[in-house]
Amino acid sequence: MSLYKQFKTDEKYEVDGINIEYGTGTNNKPITFRIARAGGSNQKYLKLLESRTKPYRRQLQNDSLDLKVAEKIFLEVFVDSVLLGWENVEDAAGVPLAFTRDNAIKVFTDLPDLYNDLREQAAKSSLFRAEIKEVDAKN
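Note that this is a predicted model, so its numbers are computed, not measured.

### Overview of the packing of helix α5 (residues 67–81) against helix α7 (residues 112–123)
Packed helices, taken two at a time, are described by their axes: the angle between them and the distance between them.
So, step 1. Orientation of α5 relative to α7, taken along the N-to-C sense of each, is 60°, at an axis distance of 12 Å. For the crossing formed where α5 meets α7, the hand is left-handed. For the pair α5 and α7, the contacting residues are Phe74, Leu75 and Phe78 in the first and Tyr115, Leu118, Arg119 and Ala122 in the second.
So, step 2. Class assignment of the residues belonging to the contact of α5 with α7 gives a composition of 6 nonpolar, no polar and 1 charged.

Right, dumping it as structure tokens:
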């Protein structure tokens, strides 16, 4: 397989996003998160990360930035530039949650493993390759 087929990503998928499913909700419909790539062609992510970390650059370089501050910055950048939407997400009581910035921050704060998994998915260039999406479309 050529290097281009192994590594070339599709800018459209990196910006417009892909769907990641996590089982079904109480309504038996798929719980879906739409994420853009954290990096690559997603200039919104890159610019937002740059602007939000700029005041802390010296602390980041010295590994002296408070962990809670860093986590808050990265979570907000993720929600504002990578997370594009969701479907069938419910709160702990099974009540449907509208996709809003505040709801996303609450869900990811309550469920850090979900946030970490989505963040890892958004960083995987392989999920945004055109060849992968073409194979998925055929299936």
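So, next bit.
### Quick look at the sheet that holds strand β2 (residues 30–35)
So, step 1. If you trace the 3 strands from one edge of the open sheet to the other, you get β1-β2-β3, paired in antiparallel fashion. The open sheet has two edge strands with one neighbour each: β1 (18–24) and β3 (83–87). Across the sheet, the mean angle from the axis of one strand to that of its neighbour is 15°, orientation sign disregarded.
So, step 2. The strands touched by helix α6 (residues 101–110) within the sheet are β2 and β3, with β3 carrying the most contacts at an inclination of about 80°.
So, step 3. With respect to the sheet, α7 is in contact with β1 and β2, its orientation differing from that of β1 by roughly 150°.

### Observations concerning the pairing of β1
So, step 1. Pairing between β1 and β2: 5 bridges, direction antiparallel. Bridged to Thr24 within β2 is Pro30.
So, step 2. Count of turn residues in the β1/β2 antiparallel hairpin: 5 residues, of which Asn28 carries a positive phi of about 65°.

What counts as what
- Residues numbered from 1 in each chain as written.
- Predicted model: local features only at pLDDT ≥ 70, side-chain atom pairs only at ≥ 80, totals over all residues.
- Heavy atoms only, no water.
- Axes fitted to C-alpha atoms, helices over the stretch in contact; angles between N-to-C directions.
- Helix = DSSP H or I, 4+ residues; strand = E, 2+ residues; numbered from the N terminus.
- Left-handed = near helix turned anticlockwise from the far one by under 90°.
- Contact = heavy atoms within 4.5 Å.
- Nonpolar A, V, L, I, M, F, W, Y, C, P; charged D, E, K, R; others polar.
- Pairing = 2+ DSSP bridges.

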